[in-house]
Amino acid sequence: MNNNIGVEVEETVRDLRQYFKTGKTRSVTWRKNQLKALLNLIHENEDAISKALYQDLGKHPVEAYRDEIGGVEKSAQNSLDCVEKWMAPKKSNIPLVFFPAKGELLPEPLGVVLIFSSWNFPIMMALDPIIGAISAGNVVVIKPSEQAPACSSFLANILPHYLDPNAIKVVEGGGDVCEQVFLQKWDKIFFTGSPRVASIVMSSAARNLTPVTLELGGKCPAIFDYPSDFKMAVKRIVGAKWGVCSGQACIAIDYLLVEEKYSSELIELLKKFMRKFYGDNMMESKALSRIINKHHFERLRNLLKDPLVAASIVHGGSVDETNLFIEPTILLDPPLDAEIMTEEIFGPLLPVITVNKIQESIEFINSRPKPLAIYAFTKDATFKKKIVSETSSGSVTFNDTLVQFLCDTLPFGGVGQSGFGRYHGKYSFDTFSHEKAVLHRHLCLEIEPRYPPWSKFKLEFLRLAYRLNYFGLVLHMVLHMLGLKRHN
Ligand SMILES: NC(=O)C1=CN([C@@H]2O[C@H](COP(=O)(O)OP(=O)(O)OC[C@H]3O[C@@H](n4cnc5c(N)ncnc54)[C@H](O)[C@@H]3O)[C@@H](O)[C@H]2O)C=CC1
Ligand SMILES: CCCCCC(=O)O
């Protein structure tokens, strides 16, 4: 960015808007070429991406592939396979009263979209939304998180070599750049980050009535009922809580709820799998990402400073500032009014909260802001139904953790404080599209009673005509079944 950040951002947005107006990004060929180019980027730069993720977060190459590189590859391939189908107009039945008529729904790109990505999955959180934006035919500014500098500069350097440089631009920087970015008029803002910054995004979007998608976070609970396979359940919890970016994940388990009588067995099993996965000296483990920076290291260390919280530590608790390492830590019943239980942890600390009856978990969860994800390890079908029907969250996953993020057929997004809007798969395409209604009418037949002068006859005619809707649908189906009505 040159000194006058504002001028450069303004010029970038102006050039993008002009390029969008050429219509080049609307063609299926352009969209498929961009998705193929993104796949080539991933295939040809896997080592460089792994190195950048290691530099920013200490992610092992296998973790980098599992959680980011592979996820982007899968998402891009899915979009490449489906984009032509997603773009096709959808037929819509029009009420018989307007016969003859034809209705259809036509997805069109929104235009110039702005994407903010977070630092914890800096490649995935930037490229996955871009996949949706280009699949829908938009032009894009991506603003990677400045807290993951190696990944941010990797994206800034590599994207113009693979994707259409007239259509996809990278704007790097922190709050100062963001303030300039917000002064521009966007056709859509897709934000991944904290509620604090999300409210800044919304305030600036309000100025231009810009639609936003907010991918936020919160405290995701895991209900630990007595599942059919206790060990498998605990293995999945340990693998996800500490093995995915050291718990610095928006859908990481933030705290566990378990009946008091199972808590000791659960904690012992958690410790067993922690040793199995991360060794006895966890600071040496290559399977644990680092804490992103000093700010978040201090924030997490401070969560443990409260004497009552410190007293509730039953495993771990050691820290190493030099290496930005915080040992995977288990706490048993820390005070519910302590910050560790009121703020999103976003790190390798796991409070285990005991209840008398596991059903109490529902009330416990409902008394807090709506989470991005709820997990429940249980074999009780009735309890599952209760959880689904009596709680509200972005998603509910039974007997596993985090994998919902990698299912292209499941929308990923929050509700309430955990965000709104959603993406992944077709939902990404929809998030970056406007589905336009197109109605074709003819001038051959007229419904005179739609015009004055009014009369009782006209009222009764219109009353009947509107009721004809239902008969019309039945007639439509009968004609369909008799093969007499072609799809026009
Ligand atoms: N729902 C989801 O998919 C995800 C949600 N998150 C959430 O994100 C948060 C952690 O990510 P962070 O990057 O720390 O969030 P953040 O809110 O600090 O930053 C997010 C983005 O906003 C930008 N930003 C920061 N300050 C800004 C300001 N004053 N004005 C404009 N833009 C600003 C950053 O550069 C970054 O690009 C957690 O709350 C986590 O739950 C993280 C990953 C995924
Ligand atoms: C593969 C898991 C990605 C989780 C994205 C997040 O929770 O921040």
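As the structure is a computational prediction, the values presented were derived from the model and not from experiment. (Residues numbered from 1 in each chain as written. Chains lettered and ligands numbered in written order. Predicted model: local features only at pLDDT ≥ 70, side-chain atom pairs only at ≥ 80, totals over all residues. Heavy atoms only, no water.)

## Structural notes on the site of ligand 2
In the vicinity of ligand 2, the residues found are Asp67, Asn120, Phe121, Met125, Ala249, Cys250, Ile251 and Phe405. Separating an oxygen atom of ligand 2 from a backbone N or O atom of cysteine 250 is a distance of 2.8 Å. Note that an oxygen atom of ligand 2 is positioned 3.0 Å from one of the backbone N or O atoms of isoleucine 251. When ligand 2 is considered free in solution it has 280 Å² of accessible area, and contact with the protein chains removes 97% of it. Grouping the amino acids of the shell around ligand 2 by side-chain chemistry returns six nonpolar, one polar and one charged. Residues lining the shell around ligand 2 come from more than one domain, with at least three contributed by each of domain 1 (1–216 + 424–436) and domain 2 (221–411). (Near = heavy atom within 4 Å. Polar contact = N/O pair within 3.5 Å; in protein donor to acceptor, adjacent residues only side chain to side chain. Areas by Shrake-Rupley, 256 points an atom, 1.4 Å probe, with all protein chains shown as cover. Nonpolar A, V, L, I, M, F, W, Y, C, P; charged D, E, K, R; others polar. Domains from an automatic or database assignment.)

## So, the site of ligand 1
The local shell around ligand 1 holds 27 residues, among which Lys143, Glu146, Ser194, Leu216 and Glu344 are the closest. The backbone of serine 117 places a nitrogen or oxygen atom 2.9 Å from an oxygen atom of ligand 1. One of the side-chain N or O atoms of lysine 143 is found 2.5 Å from an oxygen atom in ligand 1. When ligand 1 sits alone it has 840 Å² of accessible area, and the protein chains cover 93% of it. Those elements giving two or more residues to the shell around ligand 1 turn out to be helix H7 (175–182), strand E6 (188–192) and helix H8 (195–207). In terms of residue class, the shell around ligand 1 is made up of 14 nonpolar, nine polar and four charged. The residues that make up the shell around ligand 1 include at least three from each of domain 1 (1–216 + 424–436) and domain 2 (221–411). (Helix = DSSP H or I, 4+ residues; strand = E, 2+ residues; numbered from the N terminus.)

## Here's the deal with the domain arrangement of the protein
Taken as a whole, the protein is organised into domain 1 (1–216 + 424–436), domain 2 (221–411) and domain 3 (448–482). For domain 1 versus domain 3, the separation of C-alpha centres amounts to 46 Å.

## Observations concerning the packing of aromatic side chains
Counted by the stated rule, this structure contains 16 aromatic pairs. Grouping aromatic residues by their ring pairs yields a cluster made of Phe190, Phe405, Phe412, Tyr423 and Phe432. Of note, lysine 384 hangs over the ring of phenylalanine 398, and the distance from its end group to the ring centre comes to 5.4 Å. (Phe/Tyr/Trp six-rings, centres within 6.5 Å; stacked < 30°, edge-to-face > 60°. Lys NZ or Arg CZ within 6 Å of the ring centre and 35° of its normal.)

## Looking at the confidence of the model for the protein
Averaged over all residues, the pLDDT of the protein equals 94, while 96% of them reach at least 70. Scoring of the predicted complex yields 0.93 for pTM and 0.93 for ipTM. (pLDDT = per-residue confidence, 0-100.)

## Describing the UniProt feature "active site" (unreviewed entry) in the protein
On the UniProt side, "active site" (unreviewed entry) is annotated at positions that read Glu215 and Cys250 here. These residues run over 36 residues, yet every pair of their C-alpha atoms falls within 9.0 Å of each other. Checked against the element boundaries, glutamate 215 lands in strand E7 (residues 212–215). The exposure class assigned to glutamate 215 is buried, which follows from its relative accessible area of 4%. Leaving out residues up to four positions away in the same chain, glutamate 215 has contacts with Phe190, Phe191, Thr192, Gly193, Phe412, Gly413, Ser418, Gly421, Arg422 and Tyr423. Tracing the backbone through its elements, the reader meets cysteine 250 in the loop between helix H9 (230–241) and strand E9 (253–259). Beyond its immediate stretch of four places on either side in the chain, cysteine 250 contacts Asn120, Leu216, Gly217, Gly218, Cys220, Glu344, Phe346, Leu372 and Phe412. (UniProt positions renumbered as here; feature names shortened; annotations may be inferred. Buried < 20%, exposed > 50% of the residue type's maximum accessible area, 1.4 Å probe, protein only. Contact = heavy atoms within 4.5 Å.)

## A look at the side chain of aspartate 408
Along the chain, the position of aspartate 408 falls in the loop between strand E16 (395–398) and strand E17 (419–420). Classification of aspartate 408 as buried rests on a relative accessible area of 16%. At 3.2 Å, the side chain of aspartate 408 and the side chain of lysine 74 are in polar contact.

## Some details on the nonpolar core
In terms of nonpolar packing, the biggest core is built from 116 residues, with Leu159, Phe224 and Leu270 touching the most fellow members. Not counting residues within four places of it along the chain, the set of residues in contact with leucine 270 comprises Val234, Ile237, Val238, Leu256, Ile330, Leu350 and Val352. The next biggest cluster of nonpolar side chains, apart from the first, holds 27 residues, and it includes Tyr255, Leu257, Phe364 and Ile387. (Core = buried A, V, L, I, M, F, W, Y, C linked by side-chain atoms within 4.5 Å.)

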